[in-house]
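So the chains spell out like this:
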Amino acid sequence: MSSSPKSSEYYLERITLLILLLAAFFVRIIGATYARMPHYTIDSYNYIWQADILRNGGYSNYFPNGYPLIILLVSLFSPLETGLLWLNIILSLFTVLFVYLIAKGLTRNIKIALLCAAIVTLYPNQVNYVHFILTEVPCTFFLALSVYLFQKEKLAYSGLAMGAALIIRTTIVFVPVILFVYLFLNSRKKESIIYFISFLIIPVSLMLYGYFVSGDFTLGRNFTHNIYVTIKQPYKISYTKIQGVVAYCNAFISSPVQFLSDRLRSFWNLWGFLPYQADGFRGGLAYRLLVGLRFPLLILGIYGWLKSAKNSIPLLLILPAVSITIIHTLFFSSTRFTFPAEPFLIILAVIGIRKILRNNV
């Protein structure tokens, strides 16, 4: 008996997706190991140092402790460097899968979904940071998981995944806040409360643990340090957040032109097509040009969002870029900071290109 067209399409989809995931797997193995790129930055060593403090029953609250906690858990089962690199490979691979599932659910188009996943598979920034022991890959995985679960209307689990992402990278803080407000104002009050309470569980639990161990109820205190880095002034560990905010405002008042120029420069380094600097390949021109792909990606992503149905999923896809842009324009930026937003912008950008092609055909 011959198979029906529907079953043939089903198996073709599964085979194509499997081939794509295998390609993503091997590309990430090469990027993480055989490319002989560095695995550590100064932030990497600080995360490992905080993980050692957690292991010994302490709690350092400079960086958020989400990634140090992951480092601690990995170290229980594997040599640290090997385990963290393999974790990056696996989590990045699942991010590709979630991108496919999210795009398929949003567009109802298998070809579009496979294209989105293929772009994430080969997108230079998404491959480059797999070899770094940093927060980018785990944060992006939990963000993608949260979006997928939200799309499946599993709001409590989606909130938990978003909370896990937040304790790794606090710069996504506006994502759950804006989504909560959107749901609340669109007659989905019950869903908004379920989502937001679930989101708070993991961050608040970690903050409570930190309070009992160290006396500080906070996810991290690098906020104040980042202010002084931004305004290029000396920092002391005794400085409070209020002192930092006052110093930030004074920097604007005393030199508004220079302050605004620095903010534009920070935005350009975050999204511009030729950033001032770039992590990886020692910041060479060729790599800076590859990183600059995020400029058209951002433009097309915004266009795709504007042309999408006005519901919570397209909004959720654009929010990581919104949150990261707000925070890192106000502070300082690095090319790696856009990493968590890129998979979702890719989905919106493909939707945008599809709209453009349809309008011109």
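Keep in mind that what you see is a predicted model, and the values were worked out from it rather than measured. (Residues numbered from 1 in each chain as written. Predicted model: local features only at pLDDT ≥ 70, side-chain atom pairs only at ≥ 80, totals over all residues. Heavy atoms only, no water.)

Engineer: I'd like to hear about a positive patch on the surface, residue by residue, with values.
Structural biologist: On the surface, Lys307, Lys310, Lys355 and Arg358 cluster together into a patch of positive charge. Within the fold, Lys310 resides in the loop between helix H15 (294–306) and helix H16 (312–330). Accessibility expressed as a relative area gives 58% for Lys310, which makes it exposed. (Patch = residues over 30% accessible without salt bridge, like charges linked within 9 Å, V, L, I, M, F, W, Y side chains within 5 Å. Areas by Shrake-Rupley, 256 points an atom, 1.4 Å probe, with all protein chains shown as cover. Salt bridge = Lys/Arg side-chain N within 4 Å of Asp/Glu carboxyl O. Lys, Arg positive; Asp, Glu negative; His and termini not counted. Charge placed at Lys NZ, Arg CZ, Asp CG, Glu CD. Helix = DSSP H or I, 4+ residues; strand = E, 2+ residues; numbered from the N terminus. Buried < 20%, exposed > 50% of the residue type's maximum accessible area, 1.4 Å probe, protein only.)

Engineer: A description of the packing of H16 against helix H17 (residues 342–360) should follow, citing residues and the corresponding values.
Structural biologist: Remark: H16 packs on H17, axes separated minimally by 8 Å, with the N-to-C direction vectors making an angle of 130°. Accordingly, the angle class assigned to the pair H16 and H17 is oblique. Seen along the crossing, H16 lies across H17 with a hand that is left-handed. From H16, Pro314, Leu317, Ile318, Pro320 and Ala321 reach across to H17, where they touch Phe344, Leu345, Ile347 and Leu348. Each residue belonging to the contact of H16 with H17 can be placed in one class, and the counts come to nine nonpolar, no polar and no charged. (Axes fitted to C-alpha atoms, helices over the stretch in contact; angles between N-to-C directions. Parallel < 35°, antiparallel > 145°, perpendicular 65-115°, else oblique. Left-handed = near helix turned anticlockwise from the far one by under 90°. Contact = heavy atoms within 4.5 Å. Nonpolar A, V, L, I, M, F, W, Y, C, P; charged D, E, K, R; others polar.)

Engineer: Before we move on, can you summarise the environment of Pro320 with the specific residues and values?
Structural biologist: In this structure, Pro320 sits in helix H16. Here the alpha-carbon distance between Pro320 and Phe174, two residues 146 residues apart in the chain, equals 7.9 Å. With residues near it in sequence (within four places) discarded, Pro320 still touches Leu143, Val175, Pro340, Ala341 and Phe344.

Engineer: Quick one: what's the story with the packing of aromatic side chains, residue by residue and with numbers?
Structural biologist: For the structure shown, the criterion picks out 30 aromatic pairs. Residues Phe150 and Tyr195 carry aromatic rings whose centres are separated by 5.9 Å and whose planes lie at 85° to one another, so their mutual orientation is edge-to-face. Here the residue Phe150 occupies a position in helix H7 (residues 136–151), and Tyr195 occupies one in helix H10 (residues 189–214), the gap between them amounting to 45 residues. Comparing Phe150 with Tyr195, the two get one shared label, buried. Note on Phe223 and Phe331: the rings are 5.6 Å apart at their centroids and 70° apart in plane angle, and the pair reads as edge-to-face. Of this pair, Phe223 sits in helix H11 (residues 222–230) while Phe331 sits in the loop between H16 and H17, and the two are 108 residues apart along the sequence. Given a relative accessible area of 33%, Phe223 falls into the partly exposed group. (Phe/Tyr/Trp six-rings, centres within 6.5 Å; stacked < 30°, edge-to-face > 60°.)

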